Number of protein chains: 4
Amino acid sequence: MINEGFHLDKPLRWGMVGGGQGSQIGYIHRNSAARDRLFQLVAAALDINPERGLAFGLDLGLDPTRCYPDYQTLFQAEAGRADGIEVVSIATPNATHFEICKAALEHGLHVICEKPLCFTTEQAEVLAALAIEKNRVVGVTYGYSGFQMIHQAREMVAKGDLGEVRIIVMQFAHGFHSAAVEAQDAGTKWRVTPAQAGPSYVLGDVGTHVLFLAKTIVPQLKLDAILCSRQSFIKSREPLEDNAFVMLQYEGGAVGTLWASAVNAGSMHQQKIRVVGSKASVEWWDEHPNQLRYEVQGRPAQVLERGMDYLYPELSATVSDRIGGGHAEGLFEAWSNLYRQMGRAMDLVNQGQSVETVWQQIWYPTIRDGLEGVQFVNACVRSADLGGIWVDFSSSH
Amino acid sequence: MINEGFHLDKPLRWGMVGGGQGSQIGYIHRNSAARDRLFQLVAAALDINPERGLAFGLDLGLDPTRCYPDYQTLFQAEAGRADGIEVVSIATPNATHFEICKAALEHGLHVICEKPLCFTTEQAEVLAALAIEKNRVVGVTYGYSGFQMIHQAREMVAKGDLGEVRIIVMQFAHGFHSAAVEAQDAGTKWRVTPAQAGPSYVLGDVGTHVLFLAKTIVPQLKLDAILCSRQSFIKSREPLEDNAFVMLQYEGGAVGTLWASAVNAGSMHQQKIRVVGSKASVEWWDEHPNQLRYEVQGRPAQVLERGMDYLYPELSATVSDRIGGGHAEGLFEAWSNLYRQMGRAMDLVNQGQSVETVWQQIWYPTIRDGLEGVQFVNACVRSADLGGIWVDFSSSH
Amino acid sequence: MINEGFHLDKPLRWGMVGGGQGSQIGYIHRNSAARDRLFQLVAAALDINPERGLAFGLDLGLDPTRCYPDYQTLFQAEAGRADGIEVVSIATPNATHFEICKAALEHGLHVICEKPLCFTTEQAEVLAALAIEKNRVVGVTYGYSGFQMIHQAREMVAKGDLGEVRIIVMQFAHGFHSAAVEAQDAGTKWRVTPAQAGPSYVLGDVGTHVLFLAKTIVPQLKLDAILCSRQSFIKSREPLEDNAFVMLQYEGGAVGTLWASAVNAGSMHQQKIRVVGSKASVEWWDEHPNQLRYEVQGRPAQVLERGMDYLYPELSATVSDRIGGGHAEGLFEAWSNLYRQMGRAMDLVNQGQSVETVWQQIWYPTIRDGLEGVQFVNACVRSADLGGIWVDFSSSH
Amino acid sequence: MINEGFHLDKPLRWGMVGGGQGSQIGYIHRNSAARDRLFQLVAAALDINPERGLAFGLDLGLDPTRCYPDYQTLFQAEAGRADGIEVVSIATPNATHFEICKAALEHGLHVICEKPLCFTTEQAEVLAALAIEKNRVVGVTYGYSGFQMIHQAREMVAKGDLGEVRIIVMQFAHGFHSAAVEAQDAGTKWRVTPAQAGPSYVLGDVGTHVLFLAKTIVPQLKLDAILCSRQSFIKSREPLEDNAFVMLQYEGGAVGTLWASAVNAGSMHQQKIRVVGSKASVEWWDEHPNQLRYEVQGRPAQVLERGMDYLYPELSATVSDRIGGGHAEGLFEAWSNLYRQMGRAMDLVNQGQSVETVWQQIWYPTIRDGLEGVQFVNACVRSADLGGIWVDFSSSH
């Protein structure tokens, strides 16, 4: 069950850009990387303020000479070392992802990047091409997709337990920004500022997470068209939306909806996905991630629990239980599953396989998934800004 | 709490059309009418088969001479009696509602009609005009709207507990018709047959229920535009949909979504409504109707319970607790609340008030609400059949 | 599903003692008796104040000459009429149940009695002997036992779905009397006053309800010994307890616990029963009575829903669905099921069968069940008052 | 929120006994120790099989010369090094805890020990005296007590939000050993074998966990007497129980119950604690640990969520949020909180404070708590084996 056995002869030499002191996202990156000992932090540009970055790097046990003031210096200097970093995680504000990711690939690094990968489809395609050219892994931290029960759902769909998939209902609709809290909160401020956040707030910030859950559970479905309506209930956020509804049409006739919101007052997360098939449905909620509801039409609803023998054995190739069923696992374990999968992929590529071949063997959120997220957000924005019309998505894949 | 005290000197002389032996809906009509002794069943045309109708009427204790073969005879004969019926309930298949309701009004009867009132807006307007002309009450049995917690939500909105209403999320999405069960089930068969069901299946059959809950909770919101996508996952149901998604825009900027389905595999009802305001949200679920979730942003979520002193006292004017909090009440009590409100309205009209005046005093699902349901279904069908475009709804009210 | 079909040629002529205006329990008795048209209220002594009783009787549509000032007059006068009552329901304070029940039986009436039947085992045995001698049905209104899912659980146990029953965990622990509310509330006052309530408060008032659910679900288990600890957290209630814990030992090795409380602050009812077998468990909660949780060891937990085809067909002989699954039923329907079963039993006895024979055919809470409740409460009180020692219960049955 | 800031100049030099490859408990110890960088694993005796222990130690990155064949060698050799271990964690079968813990203390080590600390009160007292004499920290891994919401409950009790505590209802009742699975499962086998498990199975294995939650939430309550009934539903487990019920009396009149079970078929954990006060109750469930239910009598029930500003600020001194509210945390974070508190305590003692002084400042499960667990289990066994009688507990503290 606990896969302490799998690890590399030598952990991957790992660097970070961003994720400095007090960063929640930096902490979860470091924790997840360390969890299975596949990554070892050896260098970083942790903070936009170099002194703060150095202090925190020392605090984390880094060699001071490998605490760099910025990502350019980091990539340059490490490239010159025999023991330089092989992989870098990018945990900076959205507007910087593209350039840092591009520079990392150009320096021959594997990349683990916060979503969104970038802002435009063109940028995303540049990165995707570069990753293939350089044969480097680019993983995108859609962290919720590392939860075990998501992969149980994926196996159930694959095995036909649901019948033909007809409907996918998605939502990630919290209420933390029901008021204009950005006035007092820098972490919210940049998310609602177009120059730093890109063309969208909640569609990109939360919507793409649950969209990727759908992709993970039902990989065969191809988006055909979408229609979006978005709102800025806090007027000062315009043109960035704090609420959006999307309708989705998939090739073959399946349909979906997605609700992304930061103004769903009183809600914590409400990230939920329900996949409805011709015979049965599954439903999952990120606030109670160890359970998966399975409802066969005409039978009593079932509650599947993480860690139980009745789950499909195929799961364990992708996601681990780190403690027995009944005990609560949380987001840190889901992220650790992602990092392990990415580490495995990097190891195979390092051994000479092509990144495209590895995609067939090792599940993780790839650069193509990152690209699709960017395309989705842009298509939604385009649809909404044209008054809520159907926008073709089929050319995107 | 229990309002056995309110009743009429003489119960209203009540008749039924439809609702014969084995009819689930007939049983709940009779039960609800009897509950507060405001109605007394004295005549009926219970069955399309006159003999079966007579037998069942006798079984129900009716005078055999007042068990009629059809509604025409019923209305005619009763009109000729000094003690003839004053009010009739219509529990027949959808396609017959218009003509029976019209005939009832023409005979000067108050009417309690199953939804949908009729199929077209024109028909609905005919009935609405006739009801006003004849000064008769027409109540539409949106039964879930009689649950107490719906009215608690209504009071909370009215008092500003939620702040400004921004978003309404509605769904009534069961899974009982995930397969083509109509082959074996007459009750489903007519619902998916256009000649009997009208232009829509799930939008009308379940969607209008939750739409009316929204209307009850947030009466001031006016629908401005809607957009609908509908599907027939069981192909033989075409053009009637067994699944539909609707986006709603309200005057003033609020938005909503509505999901109506009969193919949500494994779901019982999943009739839920969430009203999101700038400060707080409320959420209600018809399968557990005695609770109302109240979530103030930044505060712990609360679960309000039927029958408790902390609820707004204004509720008790409209809906009754028939037993103390903690004990489960169910749909029969909700319907009984509707029937009582309709009885009260009829009594006031009988005393000489105009039905339009009574609308201001007595809440119940009126002919205008029935009309709005018909308009909504037709607008959805129009939108969907045009490929999912925005359809103006503002002229409808 | 809906059993409007079963009824008697003539409804049973039914009287009430107690349950006057404003009485919650009176209302549910009347409603349940009327539901299936097996009982017709024709006479009553509704109120300790004869004038109020008359006024309310008129209000209920009774003949004024059959509104009696007290139960003695009622029984006497009705016995003298050819069309006198055949059955009486007793909805008076606990201290009066014995004498009224005894008098009713002596007048040859069937009886439906609120629990507790009486205060002492001796009294209960007097009544039981009298009922058999007179061949009259005595039903005790353990109303929750009329819920459908309780009988599904009963069938599941009978069919061996749980394996051998090992453990029964029972609780009915509300919080409404966490403070000394009896100072302002007459309905609580008599319950905590020994002269009117008997030797116990919560053990009798709520504990026997859930005890009878256990009896219904697992009828074959015989109580062997009990041990009780009881407390009066509100000191003025002494010696009556407002909280009690009981351990139970059954013949054959099964064990149980029961928690009865009126000081479980913040709880509505929390009436729950869990029956644990060697293979599986079932759990039921009266606040959400339409669901039954079924947990097979090593399999996903299941949630069974009222009204579904997968329930055992045997249920429908005892308890009815009055509306389709998904719709909420409540306590009124559960009580109606009880009244119907009692009506059926009375009808069979009226046709000449012996009440003891009928017990084999028609499930309802019988005088023996009422007797067992009285014995249980007395054994608990004895155990607790001796310091919490094991008390033999085996001689009780 | 995330306390990466607190750490020691140098991590504590840490060793492990037990917790070898494939050990679930070893993994969580290592993960928790590493989480806040207060501990660094430098030496170990990981496995009863020295070769396997060495291989796994190498795998974990240990110096091979510090992978020892047994705890004696470990303590001896490390005591001779200037950089020898300062603290050891003991993750071996129950029967060995006492001797290893004693040896560790004699070698001047701080200890983190799996529960139970030992089997007899005498042993526990020996250890407690030794810890004080040597001025060493002994922490016991009651891991669930590190969940944040447990400490929110503790603060709520301390601040009087519940009023006077009256009742504590505890349970940890899983179903994994409903059948005699020990025949195939070594991990269960030793737990039901007296020589290795001690005098009790479920009371010690799961019961003491929830008992310590009660101690954490309501530290002022002192146990006065207990009564226990225990069963071995799988006969071959005798005299060890696989199910037990306990009644508890606290000084001052509060009461409690505790249900410990391994045969609660179909249950995952069902570890729940409800603390009932004169004004309100709190309830917590380890399977959904990020929520705490708070029920004020006469008010709507509230659901408090981890990570929210409305929680008491005092929490953060003891337990950390490692990611924002809404995201799921799990058992690993709870354990990490324990390890950090123990690390803090050890650091203060290393700086010269007495362990008894540190108890006043730093909350963690201390040797006294371990002692109380042992006393509780022994008292329960004594009570049960005497037929279920009240056993005095007051002399135990």
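Residues numbered from 1 in each chain as written. Chains lettered and ligands numbered in written order. Predicted model: local features only at pLDDT ≥ 70, side-chain atom pairs only at ≥ 80, totals over all residues. Heavy atoms only, no water.

### A short note on the overall build of chain A
- Scanning chain A for helices and strands turns up 12 helices and 14 strands.
- The C-alpha atoms of chain A give a radius of gyration of 21 Å, which matches the 21 Å a tight globule of 397 residues would have.
- Taking the principal axes of the C-alpha coordinates as reference, chain A spans close to 65 × 50 × 40 Å.
- Out of the 397 residues in chain A, the part that is buried amounts to 68%.
- Surface exposure of chain A reaches about 12,800 Å², of which carbon and sulfur atoms provide 51%. (Helix = DSSP H or I, 4+ residues; strand = E, 2+ residues; numbered from the N terminus. Rg over C-alpha atoms; globule rule 2.2 N^0.38 Å. Buried < 20%, exposed > 50% of the residue type's maximum accessible area, 1.4 Å probe, protein only. Areas by Shrake-Rupley, 256 points an atom, 1.4 Å probe, with all protein chains shown as cover.)

### What to know about the pattern of salt bridges
- Taken as a whole, this structure holds 93 salt bridges over all chains when the rule is applied.
- The residue Glu182(A) makes a salt bridge to Arg237(A) at a minimum N-O spacing of 2.7 Å. Of this pair, Glu182(A) sits in the loop between strand 6 (165-173) and helix 7 (186-189) while Arg237(A) sits in the loop between strand 7 (223-231) and strand 8 (243-250), and the two are 55 residues apart along the sequence. Exposure class is identical for Glu182(A) and Arg237(A). Each is buried.
- The closest approach of N and O atoms between Glu295(B) and Arg274(B), which form a salt bridge, is 2.8 Å. Of the two residues, Glu295(B) sits in strand 12 (residues 291-296) while Arg274(B) sits in strand 10 (residues 272-277), which places them 21 residues apart along the sequence.
- Under the relative-accessibility criterion, Glu295(B) is labelled buried at 3%.
- Judged by its relative accessible area of 5%, Arg274(B) is buried.
- Here the salt bridges share partners, and the residues they tie into one network are Arg66(A), Glu78(A), Arg81(A) and Asp83(A). (Salt bridge = Lys/Arg side-chain N within 4 Å of Asp/Glu carboxyl O.)

### Some points on the sheet that holds strand 5 (residues 138-140) of chain D
Residues and elements named next belong to chain D.
- Across the sheet, which stays open at both edges, the 5 strands sit in the order 2-1-3-4-5 with parallel pairing between neighbours. Only two strands of the sheet have a single partner each, and these edge strands are strand 2 (39-45) and strand 5. Across the sheet, the mean angle from the axis of one strand to that of its neighbour is 25°, orientation sign disregarded.
- With 3 bridges connecting them, strand 4 (residues 110-113) and strand 5 associate as parallel partners. Residue Ile 112 lies in a different strand from strand 5, and its bridge partner there is Gly 139.
- Running over the sheet, helix 1 (residues 24-35) touches strand 1 (12-18), strand 2, strand 3 (87-91) and strand 4 and is turned about 175° from strand 1. (Pairing = 2+ DSSP bridges. Axes fitted to C-alpha atoms, helices over the stretch in contact; angles between N-to-C directions. Contact = heavy atoms within 4.5 Å.)

### Thoughts on the relation of the copies chain B and chain C
- The two copies are related by a screw motion: chain B maps onto chain C through a turn of 180° and a shift of 0.0 Å along the axis, at an RMSD of 0.0 Å. Those values place the two copies in the arrangement expected of a two-fold rotation axis. Looking at the rotation axis and the C-alpha trace of chain B, the residue lying nearest is Gly330(B), at 2.3 Å.
- When you check the interface residues of chain B against chain C, 100% turn up at the interface there too, and the contact is symmetric in its surfaces. (Least-squares fit on C-alpha atoms with pLDDT ≥ 70 in both.)

### Regarding the relation of the copies chain D and chain C
- Placing chain D over chain C gives an RMSD of 0.0 Å and needs a rotation angle of 180°, together with 0.0 Å of translation along the axis.
- By residue overlap, the copies meet face to face through one surface: 100% of the interface positions of chain D are interface positions in chain C.

### A look at the environment of Trp284(A)
Residue and element names in this part refer to chain A.
- With respect to the helices, strands and loops of the structure, Trp 284 is situated in strand 11 (residues 280-285).
- C-alpha separation for the pair Trp 284 and Arg 191, spaced 93 residues apart in sequence, amounts to 27 Å.
- For Trp 284, the contacting residues outside a window of four places in its chain are Tyr 144, Phe 147, Met 149, Ile 150, Leu 213, Gln 271, Lys 272, Ile 273, Pro 289, Gln 291 and Leu 292.
- Within polar-contact distance, the side chain of Trp 284 engages the backbone oxygen of Pro 289 at 3.1 Å. (Polar contact = N/O pair within 3.5 Å; in protein donor to acceptor, adjacent residues only side chain to side chain.)

### Quick notes on the interface of chain B and chain C
- With 42 residues of chain B at the contact, the number on the chain C side is 42 residues.
- For the pairing of chain B and chain C, the buried interface totals around 3,600 Å² over both sides, and the portion due to carbon and sulfur atoms is 55%.
- Counting across the interface, chain B meets chain C through 0 salt bridges.
- At the boundary of chain B and chain C, one finds 13 residue pairs in polar contact (both at pLDDT 80 or more).
- Of all the secondary-structure elements, those providing two or more residues to the side of chain B that touches chain C are helix 1 (24-35), helix 2 (50-59) and helix 10 (331-350) of chain B.
- No other element matches the 6 residues that helix 1 of chain B contributes to the side of chain B that touches chain C. (Buried area = accessible area lost by both parts, 1.4 Å probe.)

### Describing the domain arrangement of chain A
Residues and elements named next belong to chain A.
- Split by domain assignment, chain A resolves into domain 1 (12-143 + 342-366) and domain 2 (148-322 + 373-391).
- Spacing between the C-alpha centres of domain 1 and domain 2 amounts to 26 Å.
- Counting from both sides, the interface comprises 19 residues of domain 1 and, opposite them, 21 residues of domain 2.
- Of all residues in domain 1, Phe 119, Tyr 142 and Trp 363 give up the largest surface area on contact with domain 2, accounting jointly for 42% of the area buried on that side. (Domains from an automatic or database assignment.)

### Describing the environment of Pro69(B)
Residue and element names in this part refer to chain B.
- Relative to the elements of secondary structure, Pro 69 occurs in the loop between helix 2 and helix 3 (71-79).
- Accessibility expressed as a relative area gives 35% for Pro 69, which makes it partly exposed.
- As for Pro 69 and Ala 128, which are separated by 59 residues in sequence, their C-alpha atoms are 27 Å apart.
- Apart from residues no more than four positions distant in its own chain, Pro 69 is found in contact with Ala 45, Asp 47 and Pro 50.

### What to know about the side chain of His288(D)
- Mapped onto the elements, His288(D) comes out in the loop between strand 11 (280-285) and strand 12 (291-296).
- The exposure class of His288(D) is buried, given its relative accessible area of 18%.
- Contact partners of His288(D), with chain neighbours within four places excluded, come to His288(A) and Gln291(A).

### Considerations on the sheet that holds strand 5 (residues 138-140) of chain C
All names here are of chain C.
- Read from one edge of the open sheet, 5 strands run 2-1-3-4-5, paired in parallel fashion. The outermost strands of the open sheet, each flanked by one partner alone, are strand 2 (39-45) and strand 5. Mean inter-strand twist for the sheet, computed between neighbouring axes without regard to direction, equals 25°.
- Lying over the sheet, helix 1 (residues 24-35) contacts strand 1 (12-18), strand 2, strand 3 (87-91) and strand 4 (110-113), oriented at roughly 175° with respect to strand 1.

### Remarks on the interface of chain D and chain C
- Listed as interface residues are 40 residues of chain D and, on the opposing side, 40 residues of chain C.
- Counting only elements with at least two residues in the side of chain D that touches chain C, the list comes to strand 6 (165-173), strand 7 (223-231), strand 8 (243-250), strand 9 (255-261), strand 10 (272-277), strand 11 and strand 12 of chain D.
- Per-class residue counts for the side of chain D that touches chain C are 17 nonpolar, 19 polar and 4 charged. (Nonpolar A, V, L, I, M, F, W, Y, C, P; charged D, E, K, R; others polar.)

### Overview of the packing of helix 9 (residues 202-217) of chain B against helix 12 (residues 367-385) of chain B
Residue and element names in this part refer to chain B.
- Viewed as axis vectors pointing N to C, helix 9 and helix 12 meet at an angle of 125°, and their least axial separation amounts to 10 Å. By the angle between their axes, helix 9 is oblique relative to helix 12. Seen along the crossing, helix 9 lies across helix 12 with a hand that is right-handed. Every residue of helix 12 that contacts helix 9 at Leu 203, Gly 204, Thr 208, Leu 211, Phe 212 and Lys 215 is listed here: Asp 369, Glu 372, Gly 373, Phe 376, Val 377 and Cys 380.
- When its residues are assigned to classes, the contact of helix 9 with helix 12 shows 6 nonpolar, 3 polar and 3 charged. (Parallel < 35°, antiparallel > 145°, perpendicular 65-115°, else oblique. Left-handed = near helix turned anticlockwise from the far one by under 90°.)

### Some thoughts on the packing of aromatic side chains
- Tallied over the full model, the rule gives 40 aromatic pairs over all chains.
- Both rings, one in Tyr27(C) and one in Phe332(C), keep their centres 5.8 Å apart while their planes meet at 80°; by these two values the pair is edge-to-face. Highlighted residues: Tyr27(C) in helix 1 and Phe332(C) in helix 10 (residues 331-350), separated in sequence by 305 residues. You'll find Tyr27(C) and Phe332(C) in the same group, each marked buried.
- Cluster of aromatic residues (ring-pair linked, three or more members): Trp14(A), Phe39(A) and Tyr339(A).
- Lying across the ring of Phe332(C), Arg35(B) places its NZ or CZ 4.4 Å from the centre. (Phe/Tyr/Trp six-rings, centres within 6.5 Å; stacked < 30°, edge-to-face > 60°. Lys NZ or Arg CZ within 6 Å of the ring centre and 35° of its normal.)

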